[in-house]
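Residues per chain, in single letters:
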Number of protein chains: 2
Amino acid sequence: MATKLDESEILSGLQDLPGWALEGGRIEKTFTFASYPECVAFAVKVALHAEKADHHPDSLEIMWGKVKVAYVTHSAGGVTRLDLEAAAQVDTLV
Amino acid sequence: MATKLDESEILSGLQDLPGWALEGGRIEKTFTFASYPECVAFAVKVALHAEKADHHPDSLEIMWGKVKVAYVTHSAGGVTRLDLEAAAQVDTLV
């Protein structure tokens, strides 16, 4: 099982993840799109990846023209390596 | 164009919409599901309905085992009849 990272480890990991930030104990990023269908398509791709990887976003929020993705590992009580890996994967799905 | 409803009109409309509440100037409801795929399937149904009706949730948030849907009509500066109608439609999609 992945263990909780401390803040310096998280911030170090985020250096390789442009646009991702530590907010309220989670890592999150907002992606922008030109249309609502594009938002939905991206969210579905993130969801399918999450299901396959068995590591799901804490929140996957579809808004008008943007999608916010947030990760934290509740079972570890904080952000883990799994969340950073998921964030990197999500970036490839745009 | 739909006009902004006042609070009493919104609360009156919500009486026919169990589980929906006025929160932060939007109407919102959280739906619970047994699995992540069920959450995603519901969210996609809401999104497809929104696109067809050309009235989209302000936020459609997929979490673990639950989906939160929120409506407000930004062009009217508040909750309108369109939001109440959308909420009623969303309830039929579960």
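Computed from a predicted structure; not experimentally measured.

### Quick look at the interface of chain B and chain A
- Each partner contributes residues to the interface: chain B has 15 residues there, and chain A has 15 residues.
- Interface of chain B and chain A: buried area, both sides summed, is about 1300 Å²; carbon and sulfur atoms make up 62% of it.
- Contact with chain A buries area across many residues of chain B, yet Tyr36(B), Leu60(B) and Ile62(B) alone supply 35% of it, more than any other trio.
- Applying the counting criterion to the chain B and chain A interface returns four residue pairs in polar contact (both at pLDDT 80 or more).
- Sort the elements by how many residues they give to the side of chain B that touches chain A and helix H2 (residues 36-53) of chain B lands first, with six residues.

### So, the relation of the copies chain B and chain A
- Of the transformation superimposing chain B on chain A, the axial component is 0.0 Å and the angular component is 180°, with the fit at an RMSD of 0.0 Å. Taken together, the turn and the small shift mark the pair as related by a two-fold rotation axis. Looking at the rotation axis and the C-alpha trace of chain B, the residue lying nearest is Glu61(B), at 2.0 Å.
- A share of 100% of the interface residues of chain B reappears at the interface of chain A, consistent with the copies meeting face to face through the same patch.

### Observations regarding the pattern of salt bridges
Residue and element names in this part refer to chain A.
- Applying the stated criterion across every chain yields a total of ten salt bridges over all chains.
- In this structure, Glu-28 engages Lys-68 in a salt bridge whose closest nitrogen and oxygen atoms are separated by 3.8 Å. Placement of Glu-28 in strand S2 (residues 26-32) and of Lys-68 in strand S4 (residues 66-71) is noted, with a sequence separation of 40 residues between them.
- Relative accessible area serves as the criterion here: at 15%, Glu-28 is assigned to the buried category.
- Lys-68 sits in the partly exposed class, given a relative accessible area of 22%.

### Here we look at helix H1 (residues 7-14) of chain B
All names here are of chain B.
- Along H1, the residues classified as buried are Ile-10, Gly-13 and Leu-14. The arc that holds the buried residues of H1, viewed along the axis, is 100°, so those residues lie on one side.
- Those residues of H1 that are buried lie in contact with strand S1 (21-23), strand S2 (26-32) and helix H3 (81-91).

### Some thoughts on the side chain of Asp83(A)
Residue and element names in this part refer to chain A.
- Here Asp-83 lies in helix H3 (residues 81-91).
- Comment: no salt bridge for buried Asp-83; closest opposite-charge side chain is Arg-81, at 9.8 Å.
- For Asp-83, the side chain forms a polar contact with the side chain of Thr-73, separated by 2.7 Å.
- Not counting chain neighbours up to four residues away, the residues in contact with Asp-83 comprise Ile-27, His-55, Tyr-71, Val-72, Thr-73 and Gly-78.

What counts and what doesn't
Residues numbered from 1 in each chain as written. Chains lettered and ligands numbered in written order. Predicted model: local features only at pLDDT ≥ 70, side-chain atom pairs only at ≥ 80, totals over all residues. Heavy atoms only, no water. Contact = heavy atoms within 4.5 Å. Buried area = accessible area lost by both parts, 1.4 Å probe. Polar contact = N/O pair within 3.5 Å; in protein donor to acceptor, adjacent residues only side chain to side chain. Helix = DSSP H or I, 4+ residues; strand = E, 2+ residues; numbered from the N terminus. Least-squares fit on C-alpha atoms with pLDDT ≥ 70 in both. Salt bridge = Lys/Arg side-chain N within 4 Å of Asp/Glu carboxyl O. Buried < 20%, exposed > 50% of the residue type's maximum accessible area, 1.4 Å probe, protein only. Arc of directions from axis to C-beta. Lys, Arg positive; Asp, Glu negative; His and termini not counted.

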